[in-house]
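Each chain, letter by letter, is given below.
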Amino acid sequence: MMESSKAYKVVNDDRKAVLIPHWKICYPKAIHQEIVDAAETKYPGIVIDFENGYYLLEDGVHRMTKLQQNGFFESWFYVVTRQEYKLGMVDMIMGKERV
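These remarks concern the structure in this document. (Residues numbered from 1 in each chain as written. Predicted model: local features only at pLDDT ≥ 70, side-chain atom pairs only at ≥ 80, totals over all residues. Heavy atoms only, no water.)

On to the overall build of the protein, then. Assigned secondary structure in the protein consists of three helices and eight strands. Along the protein, from the amino end to the carboxyl end, the secondary structure elements read β-β-β-α-β-β-α-β-α-β-β. Against the compact-globule benchmark of 13 Å for 99 residues, the protein has a radius of gyration of 13 Å, which places it among compact chains. Its C-alpha atoms give the protein principal-axis dimensions of roughly 35 × 35 × 20 Å. (Helix = DSSP H or I, 4+ residues; strand = E, 2+ residues; numbered from the N terminus. Rg over C-alpha atoms; globule rule 2.2 N^0.38 Å.)

Below, the structure is given as structure tokens:
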């Protein structure tokens, strides 16, 4: 269970996560090493499918960075389309509330 003081994102259906190599994902650099160190890698990230073989990372940069620092360069992600994202398929949870 995630700590109630943390923010995280969820996909609003029961889709299965997909194993994706990190080189196919566009993502920013994780800045805070302490957040990387505390990241829980058992939860899949969320990516947006750009339908050209590549993805944009929506959630999970600290988890992905932690995995890479430990020698893993592919991991599990929930994949949403751009249209699903625009329609609100991804929610943010802060504490115990959806925002």
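There's more to say after this.
Tracing the chain through its elements places Ser75 in strand β6 (residues 74–81). A polar side-chain atom of Ser75 sits 2.7 Å from a polar atom in the side chain of His22. Once residues lying within four places of it in the same chain are set aside, the contact partners of Ser75 are Val18, Leu19, Ile20, His22 and Leu67. (Polar contact = N/O pair within 3.5 Å; in protein donor to acceptor, adjacent residues only side chain to side chain. Contact = heavy atoms within 4.5 Å.)

Mapped onto the secondary structure, Val80 falls in strand β6. Take Val80: its relative accessible area is 1%, and that puts it in the buried class. Linking Val80 and Ile46, residues 34 residues apart in sequence, is a C-alpha distance of 7.5 Å. Beyond its immediate chain neighbours, meaning those up to four positions away, Val80 contacts Val11, Arg15, Val47, Ile48, Asp49, Tyr85, Met89 and Val90. (Buried < 20%, exposed > 50% of the residue type's maximum accessible area, 1.4 Å probe, protein only.)

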